[in-house]
Amino acid sequence: MDLQKELNKTGGFKNLDLLAKQVVEGFISGMHKSPFHGFSAEFAEHKIYNQGESTKHIDWKLFAKTDRLYTKRYDEETNLRCHLIIDNSSSMHFPEMKSFSIDNLNKIAFTALASASLMHILKKQRDAVGLSVYSDSYSFYTPEKGSERHHHMLLHQLSELVISKPEQKQTKTYTYLHQIAEKIKRRSLVFLFTDMLQTDVDQDKLFDALRHLKHNKHEVVLFHVFDKEKELLFDFDNTPKRYVDVETGEHINLYAENIKDSYKTAVNDYFNAIRLKCGQYKIKYVEADTNKNFDNILTTYMIERQRF
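About the thresholds
Residues numbered from 1 in each chain as written. Predicted model: local features only at pLDDT ≥ 70, side-chain atom pairs only at ≥ 80, totals over all residues. Heavy atoms only, no water. 1 Å grid on protein atoms, 1.4 Å probe; cavity = no way out; pocket = protein on both sides within 12 Å on 5 of 7 lines; lining within 4 Å. Points joined across faces, edges and corners; volume = space filled by probe spheres on them. Helix = DSSP H or I, 4+ residues; strand = E, 2+ residues; numbered from the N terminus. Nonpolar A, V, L, I, M, F, W, Y, C, P; charged D, E, K, R; others polar. Buried < 20%, exposed > 50% of the residue type's maximum accessible area, 1.4 Å probe, protein only. Pairing = 2+ DSSP bridges. Arc of directions from axis to C-beta. Contact = heavy atoms within 4.5 Å. Axes fitted to C-alpha atoms, helices over the stretch in contact; angles between N-to-C directions. Polar contact = N/O pair within 3.5 Å; in protein donor to acceptor, adjacent residues only side chain to side chain. Left-handed = near helix turned anticlockwise from the far one by under 90°.

### Some details on the layout of surface pockets
Logical step 1: Taken as a whole, the second largest pocket spans an internal volume of roughly 280 Å³.
Logical step 2: Together, 14 residues line the second largest pocket, and Ile 102, Asp 103, Lys 292, Asn 293 and Phe 294 are the ones closest to its centre.
Logical step 3: Broken down by element, the residue count for the lining of the second largest pocket peaks at four residues, all from helix α2 (residues 16–29).
Logical step 4: Residue composition of the lining of the second largest pocket, grouped by class: five nonpolar, six polar and three charged.

### Focus: the pairing of strand β3 (residues 81–87)
Logical step 1: The element β3 is extensively covered by neighbouring structure, given that seven of its seven residues are classed as buried.
Logical step 2: The alternating pattern of β3 places Arg 81, His 83, Ile 85 and Asp 87 and Cys 82, Leu 84 and Ile 86 on opposite faces, both of which are buried.
Logical step 3: Bridging between β3 and strand β4 (residues 128–134) involves seven bridges; their strand directions are parallel. Within the sheet, the bridge partner assigned to Arg 81 lies in β4 and is Ala 128.

### Focus: helix α7 (residues 173–183)
Logical step 1: Every buried residue of α7 is accounted for by Thr 173, Tyr 176, Leu 177, Ile 180 and Ala 181. All buried residues of α7 project into a common sector of 145 degrees when viewed along the axis, lining one side.
Logical step 2: Looking at the buried side of α7, the elements it contacts are β3, β4, β5 (138–145), β6 (189–194) and α8 (203–212).

### Some remarks on the sheet that holds β6
Logical step 1: Read from one edge of the open sheet, six strands run β5-β4-β3-β6-β7-β10, paired in mixed fashion. For this open sheet the edge positions go to β5 and β10 (284–289), each flanked by a neighbour on one side alone. Averaged over all adjacent pairs, the angle separating strand axes in this sheet is 15 degrees, with direction ignored.
Logical step 2: Here β4 runs beside β5; their pairing, made up of five bridges, is antiparallel. Directly across from Tyr 134, in β5, lies its bridge partner Tyr 138.
Logical step 3: The strands that helix α5 (residues 107–124) touches are β3, β4, β6, β7 (219–226) and β10; relative to β3, the one it contacts most, it runs at about 170 degrees.

### Overview of the side chain of Arg 81
Logical step 1: Relative to the helices and strands, Arg 81 resides in strand β3.
Logical step 2: A distance of 3.1 Å separates polar atoms of two side chains, one belonging to Arg 81 and the other to Glu 144.
Logical step 3: When near neighbours in sequence (up to four residues on either side) are disregarded, Arg 81 contacts Ala 128, Glu 144, Arg 186, Arg 187, Ser 188 and Leu 189.

### Overview of the side chain of Ser 91
Logical step 1: Within the secondary structure layout, Ser 91 lies in the loop between β3 and α5.
Logical step 2: Reaching out from Ser 91, the side chain makes a polar contact with the side chain of Asp 195 at a distance of 2.6 Å.
Logical step 3: Within the local environment of Ser 91, its side chain forms a polar contact with the side chain of Glu 247, the two groups lying 2.6 Å apart.
Logical step 4: Once residues within four sequence positions are removed from consideration, Ser 91 is found in contact with Lys 107, Thr 171, Asp 195, Leu 197, Val 246 and Glu 247.

### Some details on the environment of Ser 89
Logical step 1: Tracing the backbone through its elements, the reader meets Ser 89 in the loop between β3 and α5.
Logical step 2: Placed 79 residues apart in sequence, Ser 89 and Gln 168 show a C-alpha to C-alpha distance of 7.9 Å.
Logical step 3: Ser 89 has contacts with Tyr 134, Ser 135, Pro 166, Lys 169, Gln 170, Thr 171 and Glu 247, leaving out every residue within four places of it along the chain.
Logical step 4: Polar contacts involving the side chain of Ser 89 include one to the side chain of Glu 247, which spans 3.1 Å.

### Describing the packing of α5 against helix α11 (residues 295–307)
Logical step 1: At a minimum axis separation of 10 Å, α5 and α11 run at an interaxial angle of 40 degrees. Judged by the sense of rotation from one axis to the other, the crossing of α5 with α11 is right-handed. Contact residues: Phe 110, Ala 114, Ser 117, Leu 118, Ile 121 and Leu 122 in α5; Ile 297, Leu 298 and Tyr 301 in α11.
Logical step 2: The residue makeup of the contact of α5 with α11, split by class, is eight nonpolar, one polar and no charged.

### Considerations on α8
Logical step 1: Burial in α8 covers these residues: Leu 206, Phe 207, Ala 209, Leu 210 and His 212.
Logical step 2: Structurally, α8 contributes buried residues whose contacts are with α7, β6, β7 and α10 (256–280).

Here you go:
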């Protein structure tokens, strides 16, 4: 037995499907305070009635309860295709953890649980979902399907991402987003989970790859996954530490306070540039701080689904 290998093993999620259900049900229970008041847990049974539409499908019983007009929506009106794209480079496995729970997540675990939660909703609505995973290679692809078998296969793949420990796997977002964009043939709602950290191409090329996802009239949402406390605010105690780039192996020894201000300025400038470019390309930008809950993810899904 390789003792070091055994020690490095990660426990992963005990039941990703159950955790995803917990996230979604917690979100639904808080919907009475949200702008989606009146929708069922399926999210697709009703839509707000707009003046001039046919009154044929108005739900009068719901009107009696809420004093608001909603029309019934049917499955053929609401089915969509969704494609999840996940960055599985080494930086997405920060910080290193041995076990995971809903309150103890690194970037890849946050991404996996958020993706599983979205899949839980999509499954309820009998929508089709596909998945692409990349790092310095395009390691996994499956087209959009809606079967139970397909759903379990994707859950297994997400669980495997969490327990994998890619050593010095760099991010080739520019290369593989172009390839993924070519694979998604039919109009889809595309969710990209990445920390947007790539050093071997300039920003303009990286943004061009994002823009490529918009072809074929796809709706694209960028979930920018990062640990705000550590990666943006650089909240480390001021003792000498070695900071290691997990994707290249390069390192630097320093006191946190010596570079904190300049670091925060540089990272803020980069993140603001991402937001600006997403606005220009009509890509929805969502800050996905791993220290917060998933309401931001699921609310974005609700809004984008209605637009779609």
